[in-house]
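# Commentary on secondary and tertiary structure
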Amino acid sequence: MDSLNDFLIQKPRPLPVIVAVDRSGSMGTNGKIDALNIALKDFINSIKDEDSNKAEIHISLFSFGGESATCDIPLTPISQVNTPTYQAQGRTPMGGAFTMLKELIEDKIQIPSRSYKPTIVLLTDGIPTDDFLSPMNDLINDGRSSKAFRIAMAIGDDADHNMLSKFVSSPEYLVLGESARDIRKFFRFVTMSVTQRMKSQTPDMQQIPQMPDDETLDF
Amino acid sequence: MELKTTIIQASIRGDKHEAIPNQDYINVFENDEFLITTVSDGLGSSKNSLEGAQIACKSVIDEIQNFQLSSELPFLNNKIKEKWKKEIESISSSISDYRTTNSFIAVFKKEKKIIVGQIGDVLVSLRMDGLFRYLESTSKDFSNETVCLGSGRDENFKLALFEFGHTFDFLIATDGIADELQTEKIETLHDYFKNKFQNIEASKRNDALKCDLEEFLNEKNNDDKSMIFIWSNKN
């Protein structure tokens, strides 16, 4: 061992971003699922460009639809992530997704204590069809997961705004959208939030960016 | 027989807003009876945490000198916490502005005993007569999340008492350093420090250590970085 550097972890501290999206049947209307697929790809590609010696974004992607929630991408360094394409179908088993998010964040093997606080991103256009209350309360109130930043988007009037206002870690983190176009805007907002943390001298302080104007979106 | 030791220490400020000072603090006290080394890491989110860190180190040193080894260790925990709280309350009504972690190693020279204490995520690793151990902060959830003095919760020092026969070496390091270390290599790091720094002129050791921290650790994170490494010398 020739230098102090030989004793150091060579990877930057992980900054986990955990995304949970709705792929229930209702997302198939008015172009929402297509907009989500495009927005997710743009989101992943745009934060791939962020580079820092002090933090490395790790992404995990969950979805809920059909009869259950699934983990589609386990926690992975952003440079290695390939985004899936979703099809809309079935119910809205959001409670199952909350349980999976909780399990991931409590796992110190997957998210070691040297990691920065995770950001959870939730997007939905409907009301949970499974038992969501207890899993959500566990996620937001208990243990390690309660310390994550939580951002959410409610698309349309059918989304459970009351539930989502309780889910987010700050009122500014609840974004209300009316149309498919707003999904892309929301992910721009998430990108700005994550990249501000990456560039910050204090990545564990809450960063609330301005919502992007429509003009800043390049369709 | 006189206990001879070599001490190296360094503290560097993290890359942060220029108005914020280095909020780490190291203190070493030595007389015929004791060698007490203590390191505090004031929390960046508390505006007077450097003072809190300094007072924590002073409280540790004062209370260890008054501590009887025949007493229970939780008694020492209470005495340090009470002393720190009383000192803070004498200057401010807002204890949370002074939040700090602290770790210490106190060598009772005549008795050949060592007390190790830790509240929060300041790493302590020690090797006595060849047997290595380290205290990890298991309660830490994420980077820059830690239990501390002044949190408003009744959090306690983890304390342990050890005996040594002939030799010891130990490391105390704040999380700006400790979070970047490969834990399986910490014992070898002790050897690295001893081998490297015993060959450097005494007056230049701390500067050399500071250069190492600046070269290899400053780019890793924005935290302040402080450490002390001590080893006993053969008589």
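Residues numbered from 1 in each chain as written. Chains lettered and ligands numbered in written order. Predicted model: local features only at pLDDT ≥ 70, side-chain atom pairs only at ≥ 80, totals over all residues.

## Re helix H2 (residues 94-106) of chain A
All names here are of chain A. The terminal C-alpha atoms of H2 lie 19 Å apart, and with 13 residues this matches the ideal 18 Å at 1.5 Å per residue to within 8%. Taken residue by residue, H2 has Met94, Gly95, Gly96, Ala97, Phe98, Thr99, Met100, Leu101, Lys102, Leu104 and Ile105 as its buried positions. Looking at the buried residues of H2, the elements they touch are strand S1 (13-22), strand S2 (55-65), strand S3 (68-77), strand S4 (119-124) and helix H3 (133-141). (Helix = DSSP H or I, 4+ residues; strand = E, 2+ residues; numbered from the N terminus. Expected span 1.5 Å × (residues − 1). Buried ≥ 20, exposed ≤ 12 C-beta atoms within 10 Å, placed from the backbone. Contact = placed C-beta atoms within 7 Å.)

## Quick look at helix H4 (residues 186-197) of chain B
Residues and elements named next belong to chain B. Taking 1.5 Å per residue as the helical rise, H4 with its 12 residues ought to reach 16 Å, and the 16 Å between its terminal C-alpha atoms agrees with that figure. All buried positions along H4 are accounted for by Leu189, His190, Phe193 and Phe197. The arc enclosing the buried residues of H4, seen along the axis, measures out at 110 degrees, which places them on a common side. Along H4, the residues that are exposed and aim more than 90 degrees away from the buried face are Asp191 and Asn195. (Arc of directions from axis to C-beta.)

## Some thoughts on the nonpolar core
Of all hydrophobic cores here, the largest spans 61 residues; its most connected members are A:Val19, A:Ala20, A:Leu36, A:Ala97, A:Leu101 and A:Ile183. Ignoring any residue separated from it by four or fewer positions in sequence, one finds A:Leu101 in contact with A:Ile18, A:Ala20, A:Phe62, A:Ile120, A:Leu139 and A:Ser145. With 54 residues, the next largest nonpolar core counts B:Leu43, B:Leu149, B:Met227 and B:Phe229 among its residues. (Core = buried A, V, L, I, M, F, W, Y, C linked by C-beta atoms within 7 Å.)

## Description of unusual backbone geometry
Even without being glycine, A:Asn30 reaches a positive phi, approximately 55 degrees. As for its position among the elements, A:Asn30 is in the loop between S1 and helix H1 (32-48). Note on A:Asn30: 15 C-beta atoms within 10 Å, which makes it partly exposed. Of note in the backbone geometry, B:Asp129 takes a positive phi value of approximately 50 degrees without being a glycine. Within the fold, B:Asp129 resides in the loop between strand S6 (123-128) and strand S7 (131-135).

## Details of the packing of H2(A) against H3(A)
All names here are of chain A. Contact pair H2 / H3: the axes reach a minimum separation of 8 Å and the direction vectors enclose 30 degrees. Our classification of the angle between H2 and H3 gives roughly parallel. Classified by chirality, the crossing of H3 by H2 is left-handed. Residues Gly95, Phe98, Thr99, Leu101 and Lys102 of H2 form the contact with H3, whose own contacting residues are Pro135, Met136, Asp138 and Leu139. (Axes fitted to C-alpha atoms, helices over the stretch in contact; angles between N-to-C directions. Parallel < 35°, antiparallel > 145°, perpendicular 65-115°, else oblique. Left-handed = near helix turned anticlockwise from the far one by under 90°.)

## Focus on the interface of chain B and chain A
When the parts of a complex come together, some accessible area is lost, and that lost area is often taken as the interface size. Every contact between the two is made by 24 residues of chain B and, on the other side, 20 residues of chain A. Broken down by secondary-structure element, the contributors of at least two residues to the side of chain B that touches chain A are H4 and helix H5 (205-216) of chain B. A per-element tally of the side of chain B that touches chain A places H4(B) first, with three residues. Of the residues assigned to the side of chain B that touches chain A, the class counts are five nonpolar, eight polar and 11 charged. (Nonpolar A, V, L, I, M, F, W, Y, C, P; charged D, E, K, R; others polar.)

## So, the packing of H1(A) against helix H5 (residues 180-199) of chain A
All names here are of chain A. Running from N to C, H1 and H5 point in directions that differ by 20 degrees, and their axes come no closer than 8 Å. The angle between the axes of H1 and H5 places the two elements in the roughly parallel class. The chirality of how H1 crosses H5 is right-handed. Contact residues: Lys32, Ala35, Leu36, Ile38, Ala39, Asp42, Phe43, Ser46 and Ile47 in H1; Ala180, Arg181, Ile183, Arg184, Phe187, Val190, Thr191, Val194 and Thr195 in H5.

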